[in-house]
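The residues making up each chain are set out below.
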Amino acid sequence: MARWCYRHRLVVLLIWVGALFGLGFSASTAGTDYANVFSLPDTDSKKAYDLMEEAFPASAGDTDTVVWKVDEGSVRDQDVRSRIQPALDRIAAMKGVGGVAGPYAADAADAARISGDGRIAYAQITFTEQANAVPKELVQDVVDTARDAGRDGLEVEVGGQAVQRVQEPPTGLAEMVGLAAAAVVLFLAFGSLYAMLLPLAVAVFGVGMGLFSTQLLSHVTDIPDLAPLLSSLIGLGVGIDYALFIVTRHRKGVLRGLDPEESTVVALNTSGRAVLFAGGTVCIALAGMLVTNLRFLDGVVIGTSLTVVLSVLAATTLLPALLGFLGPRVLSRKQRRVLAATGPEPEKASGPAARWSVGVQRRPKTIAALALAVMAVLALPVLSLRLGATDQGNDDASTTTRKAYDLLAEGFGPGFNGPLQVVVDGAGATALAEDIEHTPGVAQVAALPPAHGVTVIQVVPTTSPQSEQTDTLIDRLRDDVVPEAGAQAHVGGVTAVSKDFATVTGDRLPLFVATIIGLGFLLLLVAFRSLVVPLTAAVMNLVAAAASFGVLVAVFQWGWGLDLLGLGKEGPINAFLPVIMLSLLFGLSMDYQVFLVSRMHEEWVHTRDNARAVRVGLAETSRVINSAALIMVCVFLAFVLSGDAGAAMAGVGLAAAVALDAFILRTALVPAAMHLLGDSNWWLPGWLEKRLPHLAVEPKEEATAPALAAGGGPASVVHGFVRNTAGEPVEGATVALMSQGGRELDRVASLADGSYILSVPAPGTYLLATTAAPPLLRRARQLTVAGEPLVHDIELEEGAEVS
């Protein structure tokens, strides 16, 4: 397939461009229909919601709040009313606003919208649509009209979900910043503008088609509005990384003398296989979220998995086509000049990566101990992890939503922003309300008029919605107060729903973790024919998860660095985040494990020397893994700019997880542990070996070292002459025999008469690469060698210097 895409590159590119623009046009025409569906069956808050929905059909529109405060006097003063009331009237007259309920009417309920000291008041604005459907222009007009009523000594702020949307940065800002940061890292890694653009192009196509497809699917299934953000986050990361792995392998092949087409085929046959396997593991990890039975996450699974699949498809089809357009220009100008002048570079690992690999081999115990100590320290904060939900009290202090939230808490108590709703079915509401009023932790109780035999008791706690004391109050009402009153009642409201969601998520988390670890274990067991390698990977994934959640708790729950990041106020960790983060973390960790261990396994199969396999695998993959991780960290951190608290929290958590996984675990702890474990890394019981299906991450290669050791010498040889088009011998041409996987098996220089002879380890199909000094060109072709010596003459055409 890679060869077909390379040779038909224009067709492939046109298909991808047409598909992207076609999906984009369809999605823009259809619009969005995202829906946040929280289904918590068998919870008390769900029962309360069902009763309320039946007795009090909810208004279709979103309700936001205008809050104002005077420094002196009272909000009842005429000079204050003369500024606020006309503004409220103008807002009520706007198209799309269903009504405005203020504090200045004679009704007692309206008067209750003024604080006890008379300095703070609020009005409720009801839109005709839900928050996601309210036009941003209308919301901005409401905000501007309300805040224009303020003056010195009179502060006016606006809060609510619809208002929160207009505070978000422009759509795509996080993605653009992430792409820009990734471009810098890629240019530093490749030193070539063209090579830098390849992974970015693959990521843009994969993410773009994924987002458009998810948008269209939102019309036929429930997909939350968080799904596109998470799809962009994970899609950019894996799309760039997968292309990076393939392009790196391709560049290495060209530098070693392969023709660009053959190098592309080899790169897709090796790194491309690993990309397919890695993409599959990410999708399996994401699908693990389904075992939690939380409907809210189903749409997230659909959106993110679809984006990953399209990113893998782009890396394995579009990328070969783009490599065909570039040819040798995938290398930098300096590399092309050196290649033309000195010929192919030898197959060896050098530089800092090789020196570090040797250092790990020499001191595995010390490095393993240091790495474990670092991860343990970072994991300590996870012991105080508290799941919950963020609200506008966690917004940045400069936003109008945060100021409105704080004003309401100041004037009406911290619990006013998250009242509880005790829904009573039948009689006993009056007695229950009296009991609740005398319950510790309750600031205010108000029973609404009953309907259809159902009464709603509004309960304002003395503490904020995110406080642990509020959770304790909910438990006290459910376990003690309601049963003692003998009423059929359930405790609901947004705060109770958040608590139940956190409880349900926490209860199902162990099953979820066991599922994705078990699936990852089985995949690695089949791929690497080892029990120890997947077991090590599972333990390392748990260590990475603990440390990354420790960082998350320190930043978002303890507040370390929140002001520096501009992420508002500390609070509990979003209840849905552990499931989403663990899915992405295990998927991405498996990527790095596959790319690292597949190279080690390839070397082990050839040499049966564990120390060499680990050393060579780390030396040859650590640089590209670290570059890929650095790109992911940049992309994930860019989502701090998304304006969405959930996406920002996921971005910081995943950035920490990827950095720790790549720079500490895969670069230090995993290879150190594998050196300590020795040959047992590759142990697999014979009975299990016979029963396991075969799933090769790297292509099957002909036996080399084992075959030579068993037979005492090469199975055959390839020999012949290297000549130019005039039939004259070419002296000093480099002739190399390579396996289908790109591994160099033998290399010689042609003699004065142009003759050469190469050892062939076993019958099979090989690549023969020939390079001579300018003006002769490089050539590469496939050869099939049987048991007898093969005569193969090579003709090099004269031409311009290779560029």
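See the structure shown above.
Residues numbered from 1 in each chain as written. Predicted model: local features only at pLDDT ≥ 70, side-chain atom pairs only at ≥ 80, totals over all residues. Heavy atoms only, no water.

Some words on a negative patch on the surface
- A cluster of acidic residues, Glu-434, Asp-435, Glu-437, Asp-479, Asp-480 and Glu-484, forms a negative patch on the protein surface.
- Every element with two or more residues in the negative patch is listed here: helix H17 (429-437) and helix H18 (468-485).
- The residue Glu-484 is located in helix H18 in this model. (Patch = residues over 30% accessible without salt bridge, like charges linked within 9 Å, V, L, I, M, F, W, Y side chains within 5 Å. Areas by Shrake-Rupley, 256 points an atom, 1.4 Å probe, with all protein chains shown as cover. Salt bridge = Lys/Arg side-chain N within 4 Å of Asp/Glu carboxyl O. Lys, Arg positive; Asp, Glu negative; His and termini not counted. Charge placed at Lys NZ, Arg CZ, Asp CG, Glu CD. Helix = DSSP H or I, 4+ residues; strand = E, 2+ residues; numbered from the N terminus.)

Some thoughts on unusual backbone geometry
- The backbone of His-452 sits at a positive phi, close to 55°, despite the residue not being glycine.
- Relative to the helices and strands, His-452 is located in the loop between strand E7 (442-447) and strand E8 (454-461).
- One non-glycine residue, Arg-529, lies in positive phi territory at about 50°.
- With respect to the helices and strands, Arg-529 occurs in the loop between helix H19 (494-528) and helix H20 (532-557).
- Arg-529 sits in the buried class, given a relative accessible area of 12%. (Buried < 20%, exposed > 50% of the residue type's maximum accessible area, 1.4 Å probe, protein only.)

Observations concerning helix H16 (residues 400-412)
- For H16, which comprises 13 residues, the first-to-last C-alpha distance of 18 Å matches the rise-based estimate of 18 Å (1.5 Å per residue) to within 8%.
- All buried positions along H16 are accounted for by Thr-400, Thr-401, Arg-402, Ala-404, Tyr-405, Leu-407, Leu-408 and Phe-412.
- Its buried side turned inward, H16 meets strand E1 (63-70), strand E3 (120-127), helix H6 (136-148), strand E4 (154-159) and helix H7 (161-167).
- Residue Gly-413 follows H16 closely and has a positive phi angle near 100°. (Expected span 1.5 Å × (residues − 1). Contact = heavy atoms within 4.5 Å.)

Thoughts on the packing of aromatic side chains
- Here the structure, examined in full by the defined rule, presents eight aromatic pairs.
- Arranged with centres 5.7 Å apart and planes meeting at 15°, the rings of Trp-604 and Trp-682 form a pair that is stacked. A residue pair is termed long-range when its members are at least 10 positions apart, and Trp-604 in helix H22 (residues 577-607) and Trp-682 in the loop between helix H24 (645-677) and helix H25 (686-691) qualify at 78 residues. Of the two residues, Trp-604 and Trp-682, both sit in the buried class.
- Following the ring pairs from residue to residue traces out a cluster consisting of Tyr-122, Phe-412 and Phe-416.
- The aromatic ring of Tyr-6 is capped on one face by Arg-9, whose charged end is 5.3 Å from the ring centroid.
- Over the face of the ring belonging to Tyr-194 we find Arg-329, whose NZ or CZ atom lies 5.5 Å from the ring centre. (Phe/Tyr/Trp six-rings, centres within 6.5 Å; stacked < 30°, edge-to-face > 60°. Lys NZ or Arg CZ within 6 Å of the ring centre and 35° of its normal.)

A word on the pairing of E1
- Within E1, seven of the eight residues are buried, leaving the element largely enclosed by the surrounding structure.
- With seven bridges connecting them, E1 and E3 associate as antiparallel partners. Bridging across to E3, Asp-64 finds its partner in Ile-125.
- Across six bridges, E1 lies against E4 in antiparallel orientation. Within E4, the residue paired with Thr-65 across the bridge is Gly-159. (Pairing = 2+ DSSP bridges.)

Some points on the nonpolar core
- Residues Ile-240, Met-289, Phe-556, Ile-580, Leu-582, Tyr-592 and Phe-636 are the most contacted members of the largest nonpolar core, which totals 155 residues.
- At 19 residues, the largest contribution of residues to this core is made by H24.
- Setting aside anything within four residues of it in sequence, one finds Met-289 in contact with Leu-297, Val-300, Val-301, Phe-512, Val-579, Ile-580 and Ser-583.
- Core analysis: the second largest hydrophobic core is formed by 29 residues, Ile-91, Ile-125, Val-134 and Leu-138 among them. (Core = buried A, V, L, I, M, F, W, Y, C linked by side-chain atoms within 4.5 Å.)

Digging into the sheet that holds strand E2 (residues 97-101)
- Taken in spatial order, the four strands make up an open sheet running E2-E3-E1-E4, and their pairing is antiparallel. Either end of the sheet is taken by a strand with one partner, and the two such strands are E2 and E4. Taking each pair of neighbouring strands and ignoring which way they run, the sheet shows an average axis angle of 20°.
- Here E2 runs beside E3; their pairing, made up of four bridges, is antiparallel. Its bridge partner being in E3, Val-97 is matched across the sheet by Phe-127.
- Each of E1, E2, E3 and E4 is contacted by helix H4 (residues 78-92), which is oriented at about 160° to E2, the strand it contacts most.
- H6 contacts E1, E2, E3 and E4 of the sheet and is inclined by roughly 165° relative to E4. (Axes fitted to C-alpha atoms, helices over the stretch in contact; angles between N-to-C directions.)

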